[in-house]
Amino acid sequence: MEVLLAGEAGAGRTNEDYAIAAPGIAIVLDGVTQLSGLETGCVHDPAWLVRTLGVCLVEALSADQTSALDRVLAAAIGRLRESHGGGCDLTNPNSPSATVAMVRERGDRVDYLVLCDSSVVIENSDGITVVRDDRTDRLEAYDRHTVARLRNRAGGFWVASTEPAAAAEAVTGSVARAGLHRLVLCTDGVSRLTEFFQFGWAEVLELVERSGPRAVIDAVRRCERTRPDLLARPGRRPPKQHDDATLIVWRYL
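So, here is what we can say about the structure in this document. (Residues numbered from 1 in each chain as written. Predicted model: local features only at pLDDT ≥ 70, side-chain atom pairs only at ≥ 80, totals over all residues. Heavy atoms only, no water.)

**Let's talk about the side chain of Ser 161**
If you trace the backbone, Ser 161 turns up in the loop between helix 3 (144-150) and strand 8 (171-176). Ser 161 gets classed as buried once you look at its relative accessible area, which sits at 3%. A polar side-chain atom of Ser 161 sits 3.5 Å from the main-chain carbonyl oxygen of Ser 95. (Helix = DSSP H or I, 4+ residues; strand = E, 2+ residues; numbered from the N terminus. Buried < 20%, exposed > 50% of the residue type's maximum accessible area, 1.4 Å probe, protein only. Polar contact = N/O pair within 3.5 Å; in protein donor to acceptor, adjacent residues only side chain to side chain.)

Spelled out as C-alpha cells, the structure:
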C-alpha cells in the first residue's frame with residue numbers, strides 16, 4: 001500500500017482540517033468554521049477540536065481494533081469531552097464541531113465511516129463508490145438559529161462535537177480488501193470539485209494517478225479563482241471562496 005496526503009488552508013486562515021495516516025488507518029477531520037459573533041460556550045476553537053479529536057481517535061483505534069467504527073468514534077468523542085476541562089459549556093449547541101471521514105483495515109475487510117460532509121471514495125474492481133452524508137443539503141433553513149437547533153438532532157444533521165450519541169448516526173460500512181485499487185478520504189474543500197465545479201470522481205482519481213494529490217488541490221484553487229459564481233447555493237449564505245482542502249489517498253499496489 002502507498003499512502004499519499006495533501007492539504008492546504010484557505011487563503012489567510014488557520015487550517016481547521018486535520019489528517020492522520022498510519023498503517024491500517026486513515027482519518028480526515030474538518031473543523032466547522034465558527035460564524036463571527038457566535039456564542040459557543042467554549043474556550044476552544046475548531047483547530048483545537050480537530051487536533052484533539054484526532055488524537056482521541058488514534059488512541060481509541062489503537063485500543064480497540066475490532067469494534068464497529070461508530071463505537072470507536074463515540075468513545076473518542078467521550079474522551080474529547082473530558083479534554084475540554086471545566087471551563088466550557090458542553091450543552092451549547094454551537095460548541096465547536098467537526099466532520100469525520102475514517103477508514104480502517106480489519107482482516108480481509110476495510111471499514112469506513114463518514115459523519116457530515118466529508119467523503120470516502122472507494123475504487124475497486126466494481127467501479128467507483130462515493131460515501132457521503134448529505135443531510136446538511138436538506139435542512140429547512142440555513143440561518144444560524146435553525147442550524148443550531150438542528151445540529152445533532154433527529155431530522156437535522158450530525159457532527160462530532162460534545163455528544164457521543166452522534167457517532168451512531170454516521171454512515172458506515174465495509175468493503176472487501178481484495179479488489180481494492182484506491183481509497184480517497186477528503187474534506188468538502190476537495191469534494192467541491194465534483195459538487196460545484198463539474199468534475200467527475202473518475203477525473204479526480206485520474207488526476208491523482210497522473211500527478212498526485214497536490215494536483216487535486218491545485219485544480220480546486222484554479223476553479224475557485226476562475227469560476228467563483230458556481231459556488232452559489234440558493235437559500236444559503238455564500239460559501240468561502242477558498243476553503244481548507246485536505247485529502248488522503250490509499251493506493252493499493
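**Side note on the pattern of salt bridges**
The full count for this structure, using the stated rule, is 24 salt bridges. Its salt-bridge partner being Arg 79, residue Glu 59 comes within 3.6 Å of it at the nearest N-O pair. In this pair, Glu 59 sits in helix 1 (residues 46-63) while Arg 79 sits in helix 2 (residues 69-84), placing the two residues 20 residues apart along the sequence. You can call Glu 59 partly exposed: its relative accessible area is 41%. Put simply, Arg 182 and Glu 209 hold a salt bridge, and the shortest N to O gap is 2.5 Å. (Salt bridge = Lys/Arg side-chain N within 4 Å of Asp/Glu carboxyl O.)

**Quick word on the pairing of strand 6 (residues 119-124)**
The buried fraction of strand 6 amounts to six of the six residues, a majority that puts the element mostly inside the structure. Every second residue of strand 6 is oriented toward a common face, with Ser 119, Val 121 and Glu 123 on one face and Val 120, Ile 122 and Asn 124 on the other, all of them buried. As defined by bridge partners, strand 6 adjoins strand 7 (residues 127-132) across six bridges and the pair is classed as antiparallel. Counterpart to Val 121 in the pairing with strand 7 is Val 130. In this antiparallel pair of consecutive strands, strand 6 and strand 7, the connection spans two residues. (Pairing = 2+ DSSP bridges.)

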